[in-house]
Amino acid sequence: MKSIISLERHFLDQQRRYPEARGDFTKLFSELSFAAKIVSREVNRAGLADIIGRAGRTNIQGEDVQKLDILANNIFTQSLTHLGLLCALSSEEDPNIIRVPDEYPTGNYVLNMDPLDGSSNIDVNVSIGTIFSILRKVSYAPRGDEIDCIQPGYKQVAAGYVLYGSSTMLVYTSGQGVFGFTLEPSIGEFLLSHSQIRIPKTGKYYSINEGYQNKWPESIRNYIQHIKLSKNKGGRGMSHRYIGSLVADFHRNLLKGGIFLYPADSKAPEGKLRYLYEAAPLAFIVEQAGGKATDGKTDIMKISPKRLHQRIPLFLGSAEEVDILMDFMNNKDIKSREQQQ
Ligand code: AHM
Ligand code: MG
């Protein structure tokens, strides 16, 4: 019989392989996954909010009902700050870093997160996700400083996401490949379902908001036109898939192959997505899976962010698809590349 590996057992196994490991990640991921299970339950019950009361109102028990993204922020923050492993964290929901309160011990890590990404999909029962990035503390401030959170992607020690989809999945990397766990609701455990995920070198899906076509730079317009008409994918060109939830679009492309694009455009000259808790963690994962991530000029992992909520153009996915995009962005001779293929 194939052995069933829980998230906890996976981390204990990993811990045994590295004698210097102190079990920090075992504890941190155990708490992260606990918070994810609670958020997953709340996301699954979200439709009932219409019946029992919505945000800003009280529910049937007279308790305040919080908006799901605020609720997710509180659940993750409260679960992660008491462990003694973090000194601070940052969140899309908070303008400043959140220091671990005085009553709890501090640790040597910080965590950046988007507690519930895909805000336009929250109220309509469409897949959404949580994204997180873990870094080592670099300041001398006992309870952390902004500079602990604002670090380049290559400094991440682990990153991951939780996808609240047809099932709930937790996918992570700590630089030893990418592992995916699926929540088995009947026993309430995340079980290893995807070991050492590799993104296909090429793929047939491209994900971009086509509604902004008129605002794209010319290189992106030409690229999208090219991949629609390209004869390379069995003569059919690439297929468009766009959910509007980064985690869901990324996850599909990770497993099936493809490319995700959120360029800078005339409406959002810096791009829309945030470096620290959207671009960098997904770049770490896609690179560990054999893919690539860029802002159009520089590898996402090599960029040094300057601000907590900095936005950035983001292109990531299968290595060969990102290479073709880069040829368009660098005005390379596309025809000669196609002839070589
Ligand atoms: P959010 O952090 O407000 O949820 O915005 C991020 C989301 C991503 O999940 C998604 O890729 C993108 O915004 C979709 O944006 P758009 O509606 O402009 O296509
Ligand atoms: Mg977001």
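Definitions and limits used
- Note that residues are indexed from 1 along each chain, following the sequence as it is written.
- Labels follow written order: the first chain is A, the first ligand is 1, and so on.
- This being a predicted model, a pLDDT of at least 70 is required before a residue's local features are given, and a value of 80 or more before pairs of side-chain atoms are given or counted; all residues contribute to the totals for chains, interfaces and linings.
- Side-chain measures here rest on the full set of heavy atoms in the structure, leaving out hydrogens and waters.
- Working definition: helices are DSSP H or I runs of at least four residues, strands are E runs of at least two. Numbering for both runs from the N terminus.
- When accessible area is computed with a 1.4 Å probe and restricted to protein chains, residues below 20% of their type maximum are described as buried, those above 50% as exposed, and intermediate ones as partly exposed.
- We call two residues in contact when some of their heavy atoms are within 4.5 Å.
- Working definition of accessibility: Shrake-Rupley area with a 1.4 Å probe, residue cover restricted to the visible protein chains.
- Only N, O and S atoms count as donors, using a 2.8 Å cut-off from the metal and 3.2 Å for Na, K and Ca, and because water is excluded some sites may appear unfinished.
- Here the positive residues are Lys and Arg and the negative ones are Asp and Glu; neither His nor the chain ends is included.
- Counted as salt bridges are all cases of a side-chain nitrogen of Lys or Arg within 4 Å of a carboxyl oxygen of Asp or Glu.
- Here a polar contact means two N or O atoms within 3.5 Å. Within protein one must be a hydrogen donor candidate and the other an acceptor candidate, and residues neighboring in sequence count only if both atoms are side-chain atoms.
- Any residue with at least one heavy atom within 4 Å of a molecule or strand is counted as near it.
- In this classification, Asp, Glu, Lys and Arg are treated as charged, Ala, Val, Leu, Ile, Met, Phe, Trp, Tyr, Cys and Pro as nonpolar, and every other residue, Gly included, as polar.
- Note: domain ranges come from an automatic or database domain assignment.
- Strands pair, by our definition, only if DSSP identifies at least two bridges between them.
- Among the buried residues, those of types Ala, Val, Leu, Ile, Met, Phe, Trp, Tyr and Cys that are joined through side-chain atoms within 4.5 Å form a nonpolar core.

Please explain the overall build of the protein chain as it appears in this structure.
Within the protein chain, the secondary structure is distributed over 10 helices and 13 strands. Each of the 341 residues in the protein chain was classed as buried or not, and the buried ones make up 53%. Sequence separation of at least 24 residues holds for 62% of the intrachain contacts in the protein chain that already meet a minimum separation of 6. Counting every atom, the protein chain has about 16,200 Å² of accessible surface; 48% of that belongs to carbon and sulfur.

For this particular structure, what's the right way to read the coordination of the magnesium ion (ligand 2)?
Note on metal geometry: ideal angles are 109.5 degrees for four donors arranged tetrahedrally and 90 or 180 degrees for six donors arranged octahedrally. Here the magnesium ion (ligand 2) is held by Glu 92 (OE), Asp 114 (OD), Asp 117 (OD) and Glu 278 (OE), and the distances to it run 2.0 to 2.4 Å. In primary-sequence terms, the residues that donate to the magnesium ion (ligand 2) follow E-x21-D-x2-D-x160-E. Placement of Glu 92 in the loop between β1 (86-91) and β2 (98-99) and of Asp 117 in strand β3 (residues 109-117) is noted, with a sequence separation of 25 residues between them. Under the relative-accessibility criterion, Asp 117 is labelled buried at 9%.

Help me out: how do you make sense of the side chain of Asp 148 in this one?
Its location among the elements puts Asp 148 in helix α5 (residues 146-149). Look at Asp 148: it is buried, it has no salt bridge, and the nearest opposite charge is Lys 137 at 5.6 Å. A polar side-chain atom of Asp 148 sits 2.7 Å from the main-chain amide nitrogen of Ser 139. A polar side-chain atom of Asp 148 sits 2.7 Å from the main-chain amide nitrogen of Asp 145. When residues no more than four places from it in sequence are discounted, the contact partners of Asp 148 are Val 110, Leu 135, Lys 137, Val 138 and Ser 139.

I'm lost on the site of ligand 1 in this one. Help?
Near ligand 1, the surroundings consist of 16 residues, among which Asp 117, Tyr 212, Tyr 242, Leu 246 and Tyr 262 are the closest. The contact in question runs from an oxygen atom of ligand 1 to an N or O atom on the side chain of Tyr 212, over 2.7 Å. For ligand 1, whose free accessible area comes to 470 Å², the fraction covered by protein is 86%. If you list the elements that add at least two residues to the shell around ligand 1, you get β3 and β11 (258-262). Residue classes in the shell around ligand 1 are distributed as six nonpolar, five polar and five charged. Residue contributions to the shell around ligand 1 reach at least three from each of two domains, namely domain 1 (7-194) and domain 2 (205-340).

Please clarify how the pairing of β1 should be interpreted in this entry.
For a regular strand, side chains alternate in direction, first toward one face of the sheet and then toward the other. In terms of residue burial, β1 counts as a mostly covered element, since six of its six residues are buried. Summarising the sheet, β1 and β3 pair through five bridges and their orientation is parallel. Within the sheet, the bridge partner assigned to Ser 90 lies in β3 and is Asn 112. Inspection of the sheet shows β1 paired to β2 by two bridges, in the antiparallel sense. Each residue of the ladder has a partner; that of Leu 89, found in β2, is Ile 98.

How should helix α8 (residues 275-288) be read in this particular structure?
Burial analysis of α8 places 12 of its 14 residues in the buried class, the great majority of the element. Buried within α8 we find Tyr 275, Leu 276, Tyr 277, Glu 278, Ala 279, Ala 280, Pro 281, Leu 282, Ala 283, Phe 284, Ile 285 and Val 286. Where α8 terminates, the next one or two residues include Gly 290, which has phi positive at roughly 95°.

Where do I start with the side chain of Glu 31 in this structure?
Structurally, the position occupied by Glu 31 is in helix α2 (residues 24-44). There is a polar contact of 3.3 Å between the side chain of Glu 31 and the side chain of His 82. Beyond its immediate stretch of four places on either side in the chain, Glu 31 contacts Ser 79, Leu 80, His 82 and Leu 83.

Got a minute to help me understand the nonpolar core in this structure?
As a rule of thumb, nonpolar side chains are buried together in soluble globular proteins. With 43 residues, the main nonpolar core has Tyr 161, Phe 250, Leu 254, Tyr 275, Leu 282, Ile 300 and Leu 316 as its most contacted residues. At the level of elements, β1, β4 (128-136), β5 (156-164), β6 (168-173), α7 (246-256), β11, α8 and β13 (314-317) are the ones that each hand at least two residues to this core. Looking at this core element by element, the count peaks at 10 residues for α8. For this core, the domains that each give at least three residues are domain 1 (7-194) and domain 2 (205-340). In this view, Leu 316 contacts Phe 250, Gly 258, Ile 259, Phe 260, Leu 282, Ala 283, Val 286, Lys 292, Ala 293 and Val 322; residues no more than four positions away in its chain are not counted. Listed in part, the 39 residues of the second largest apolar core include Phe 29, Ala 35, Ile 75 and Met 113.

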